[in-house]
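Inside the fold
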Amino acid sequence: MCKMLEVISGDITALDVDAIVNAANERMLGGGGVDGAIHRAAGRRLYDACLAVPEVRPGVRCPTGHSRITPGFNLRARYVIHTVGPVWRGGAHREPALLASCYRSALELARHHHLRSIAFPAISCGVYGYPLEEAAAIAVRETRVTVSDFDRIVLVAFDADVHAVLLAEANATGSNDAHVPNHSNN
Ligand code: APR
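Predicted model only: the values in this text are computed from it and were never measured. Per chain, the residues get numbers from 1 upward, laid out in the order the sequence is written. Side-chain atom pairs in this predicted model are given and counted only at pLDDT of 80 or more, local residue features only at pLDDT of at least 70, and totals for whole chains, interfaces and linings cover all residues. Note: side-chain values were computed over all heavy atoms of the structure, leaving out hydrogens and water.

This brings us to the overall build of the chain. Each helix is a run of H or I in the DSSP string that is no shorter than four residues. Each strand is a run of E no shorter than two, and both are numbered from the N terminus. Broken down by element type, the chain carries five helices and six strands. Helices (α) and strands (β) of the chain occur, in sequence order from the N terminus, as β-β-α-α-β-β-α-β-α-β-α. Its C-alpha radius of gyration of 15 Å places the chain within 12% of the 16 Å reference for a compact globule of 186 residues. Projecting the C-alpha coordinates of the chain onto the three principal axes gives extents of approximately 45 × 35 × 30 Å. Of all 186 residues assigned to the chain, the portion counted as buried reaches 49%. The contact rule is simple, with two residues in contact once any of their heavy atoms fall within 4.5 Å. Long-range contacts, defined here as pairs at least 24 residues apart, represent 70% of the contacts in the chain between residues at least 6 apart. Surface accessibility follows the Shrake-Rupley procedure with a 1.4 Å probe radius. Residue values consider only the protein chains on display as shielding. Within the structure as shown, the chain displays about 8400 Å² of accessible surface, and the carbon and sulfur contribution to it stands at 53%. Throughout, radius of gyration means the C-alpha value; the globule benchmark is 2.2 Å times the number of residues raised to the power 0.38. Here the term buried applies to any residue with accessible area under 20% of the maximum for its type, exposed to any over 50%, and partly exposed to those in between, with areas from a 1.4 Å probe on protein chains only.

Using a 1 Å grid laid over the protein atoms alone, points where a 1.4 Å probe fits but cannot get out form a cavity; open sets with protein on both sides within 12 Å along at least 5 of 7 lines form a pocket; any residue with an atom within 4 Å of a point counts as lining. Grid points are joined across faces, edges and corners, and a volume is the space filled by probe spheres set on the points. Evaluation of the coordinates by the stated rule reveals one cavity of 30 Å³ or more. Considering only enclosed or pocket space, the largest cavity measures out at about 50 Å³ in volume. The wall of the largest cavity is formed by Y103, F120, P121, A122, C125, A135, A136, A139, L155 and L166. Examining the composition of the lining of the largest cavity, we find that three residues originate from one element, helix α4 (residues 132-144), more than from any other.

This part is about the site of the ligand. One heavy atom within 4 Å of a molecule or strand is enough for the residue carrying it to be called near that molecule or strand. By nearness alone, 22 residues border the ligand, and D11, G32, D35, S124 and D159 come closest of all. Whenever two N or O atoms come within 3.5 Å, that pair is a polar contact, provided that in protein one can donate a hydrogen and the other can accept it, and provided that, for residues adjacent in sequence, both atoms are side-chain atoms. I12 places a polar main-chain atom, nitrogen or oxygen, 3.0 Å from a nitrogen atom of the ligand. Contact distances for the ligand include 2.8 Å between an oxygen atom and a backbone N or O atom of S124. Notes on the ligand: free accessible area 700 Å², of which the protein chains cover 92%. A cavity or pocket is said to hold a molecule if more than half of that molecule's atoms lie within 2 Å of its grid points. In this structure the site holding the ligand corresponds to the largest pocket. Per-element accounting of the shell around the ligand gives the leading share, four residues, to helix α1 (residues 33-42). For the shell around the ligand, the per-class residue count stands at eleven nonpolar, eight polar and three charged. Under this grouping Gly is polar, as are all residues other than the nonpolar Ala, Val, Leu, Ile, Met, Phe, Trp, Tyr, Cys and Pro and the charged Asp, Glu, Lys and Arg.

Even without a glycine there, the phi angle at F73 is positive, about 50°. Position of F73 among the secondary structure elements: in the loop between β3 (67-71) and β4 (79-83). Phi at H114 takes a positive value of approximately 60°, unusual for a residue other than glycine. Position of H114 among the secondary structure elements: in the loop between α3 (95-112) and β5 (117-120). Residue H114 is classed as exposed on the basis of its relative accessible area, which comes to 67%.

Any empty space left between the atoms is revealed when a probe the size of a water molecule rolls over them. There is about 570 Å³ of room inside the largest pocket. Taken together, 27 residues form the lining of the largest pocket, with A23, G33, V34, D35 and G126 sitting closest to its centre. At the level of secondary structure, the elements contributing two or more residues to the lining of the largest pocket comprise α1 and β6 (152-157).

Shown next, in the form of structure tokens:
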């Protein structure tokens, strides 16, 4: 029972974990940001696997707040868990509940597939415009409650400001189970 929440900075596509989480959109066919980076690193087969995910309605393979799993193909990670964060529209459109649901549904899928390690990017904190401090509070809260179910849960920051905010949030709310390495990547 190791049980620690890690906050690191780096490129999520390089991580050697059972699953990396993708901040996708509802179509699940790629995009910019971390989504683009994951698709580039995983290769064309990831696009094909995403295309094969059934639509729940026209143009929607994964509704906002939900998650879907595919293999990782050329990635070191065995799986990609695609989740769709909310677009920030001021905070009164269920954004906090939807963002929490991204973390919960991704973790639920990981448990279902008996995965032991999982890494998350800062879902919704790029193009989707979610305020960083509020998103970090949700990320830390939702992952920390389930650390005992995994060997490793990693929150990955690509940018220095995201790293600083995640680190501050983890430290502010942490207990002995929190492990926050201060190095770059791993
Ligand atoms: N590793 C880790 N984090 C990364 C990486 C990477 N290689 N590349 C970008 N990020 C970070 C961004 O810096 C940001 O902090 O991921 C966070 C999420 O940003 P976005 O990728 O823009 O995701 P999001 O805000 O959820 O918007 C999703 O963007 O490209 C589209 O298809 C995607 O439409 C969807 C939307």
